[in-house]
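Next come the chains, spelled out residue by residue.
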Amino acid sequence: MIEIAYLKEMDKLKDMPQEVQEKIQGILKILDSEYGADRRKYEDNGGYIIVVERKEDFKEIKDKTYINIDDAITEYTDKIVCSNGEVYTNSLILSNNDYAILLLIPMELTPQNLINYMID
């Protein structure tokens, strides 16, 4: 599992497909400009991104964020199709008006309830 909250942390994603990196970079630019590049990721407004790398990450997400992915209600889930053939989902979960957790998950690990929110 990779947690990333600031544009300055993009080096954590160097092994990710370019399309996923571009999506994350766009989100982080918004978070940094609207909520500050020095905000506290868990305490201040804004939020952060979680990149799921394996099925076991869902338990860690539940333990850390109290979000049970199997019951999660997302604002949206969209698909990121990469030039290397990989497909990821990008799901937005709002905790309150000014705090969001975005989940980027390889399609093969994405739970069905998140796929049900998919925007075509």
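Here is what the cut-offs are and how they apply
- Residues numbered from 1 in each chain as written.
- Predicted model: local features only at pLDDT ≥ 70, side-chain atom pairs only at ≥ 80, totals over all residues.
- Heavy atoms only, no water.
- Helix = DSSP H or I, 4+ residues; strand = E, 2+ residues; numbered from the N terminus.
- Rg over C-alpha atoms; globule rule 2.2 N^0.38 Å.
- Buried < 20%, exposed > 50% of the residue type's maximum accessible area, 1.4 Å probe, protein only.
- Contact = heavy atoms within 4.5 Å.
- Core = buried A, V, L, I, M, F, W, Y, C linked by side-chain atoms within 4.5 Å.
- 1 Å grid on protein atoms, 1.4 Å probe; cavity = no way out; pocket = protein on both sides within 12 Å on 5 of 7 lines; lining within 4 Å.
- Points joined across faces, edges and corners; volume = space filled by probe spheres on them.
- Nonpolar A, V, L, I, M, F, W, Y, C, P; charged D, E, K, R; others polar.

Caption draft 1: Seen up close, the overall build of the protein. Broken down by element type, the protein carries three helices and five strands. Taking 120 residues into account, the globule formula puts the C-alpha radius of gyration at 14 Å, and the protein, at 13 Å, falls close to it. Across its three principal axes, the protein shows a C-alpha extent of roughly 35 × 30 × 25 Å. Relative to its full complement of 120 residues, the protein shows a buried share of 48%. Considering only contacts within the protein whose residues lie at least 6 apart along the sequence, 55% involve residues at least 24 apart.

Caption draft 2: Focus on the nonpolar core. Of all hydrophobic cores here, the largest spans 19 residues; its most connected members are Leu 13, Val 20, Ile 24, Ile 49 and Val 51. Considering each element in turn, this core owes the most residues, five residues, to helix 1 (residues 18–35). With residues up to four places along the chain from it excluded, the contact list for Val 51 reads Met 1, Ile 2, Leu 13, Met 16, Ile 24, Asp 57 and Leu 104. Listed in part, the 17 residues of the second largest apolar core include Ala 5, Val 52, Ile 69 and Tyr 99.

Caption draft 3: Representation of the layout of surface pockets. One number sums up the size of the largest pocket: a volume of about 200 Å³. For the lining of the largest pocket, the secondary-structure elements that each account for two or more residues are helix 1, strand 4 (87–96) and strand 5 (99–106). The element contributing the most residues to the lining of the largest pocket is helix 1, with four residues. The residue makeup of the lining of the largest pocket, split by class, is ten nonpolar, two polar and one charged.

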